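# Structure assessment
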Amino acid sequence: MGRVLNFESAGRARTKTTKAIVKAMRELMLQQEANQKTKDLAAFIAIGLAEIHESVDVSVSAWEKRGYWVKADRFRLEWEWSKQFSDELVTHLLRNDWQQIAIIIAKTAQKLNHIQISANNRIGEPWLGAFDKLMNK
């Protein structure tokens, strides 16, 4: 049996996820009322933020092996907010508290305001079914 090669590094996956989250936030801001699509969008953002948080440890483990402790700690601090925002989104999503969800989405947008998405992106609609995925976790 041959080696399994993973060309998708944690950094590349994190970039892909942040772009998808930004696209989902833009779509969520266009929604006028709470329906299944808005639930899917909010759930997708929560799941994506949790994935970002998990990817941080994978990224910094290589730096820690080489003794770059300060760099690793700075990177962890840079993304520390992602787990908190994810947990808060899930909590408020379960309560149907859309006012608090809007506040968290706005905070997330401030953190990710440097992310650029081209007009002809190929992200698609990865949020479809995200609410059911979140509920079945």
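Quick note: structure is the one above.
Conventions adopted
Residues numbered from 1 in each chain as written. Predicted model: local features only at pLDDT ≥ 70, side-chain atom pairs only at ≥ 80, totals over all residues. Heavy atoms only, no water. Core = buried A, V, L, I, M, F, W, Y, C linked by side-chain atoms within 4.5 Å. Buried < 20%, exposed > 50% of the residue type's maximum accessible area, 1.4 Å probe, protein only. Helix = DSSP H or I, 4+ residues; strand = E, 2+ residues; numbered from the N terminus. Contact = heavy atoms within 4.5 Å. Phe/Tyr/Trp six-rings, centres within 6.5 Å; stacked < 30°, edge-to-face > 60°. Lys NZ or Arg CZ within 6 Å of the ring centre and 35° of its normal.

## Section: the nonpolar core
Judged by nonpolar contacts, the single largest core of 34 residues is most densely connected at Ile45, Leu49, Leu89 and Leu112. Among the elements of the structure, α1 (10–30), α2 (36–65), α3 (69–79), α4 (81–95), α5 (98–111) and α6 (130–135) are those that each provide at least two residues to this core. With 11 residues, the top contributor of residues to this core is α2. Here leucine 49 is in contact with Ile21, Trp81, Ser82, Phe85, Ser86, Leu89 and Thr108, once residues within four sequence places are set aside.

## Description of the packing of aromatic side chains
For the structure shown, the criterion picks out 4 aromatic pairs. Measuring from centroid to centroid gives 5.2 Å for tryptophan 63 and phenylalanine 75, while their planes differ by 90°, and the two rings are edge-to-face. Linking tryptophan 63 in helix α2 with phenylalanine 75 in helix α3, this pair joins segments that are 12 residues apart in sequence. Taking the relative accessible area as the measure of exposure, phenylalanine 75 reaches 14% and is therefore buried. An aromatic cluster is present here, built from Trp79, Trp81 and Phe85 joined pairwise through their rings. Above the plane of the ring of phenylalanine 131 lies lysine 39, whose end atom (NZ or CZ) is 5.3 Å from the centre.

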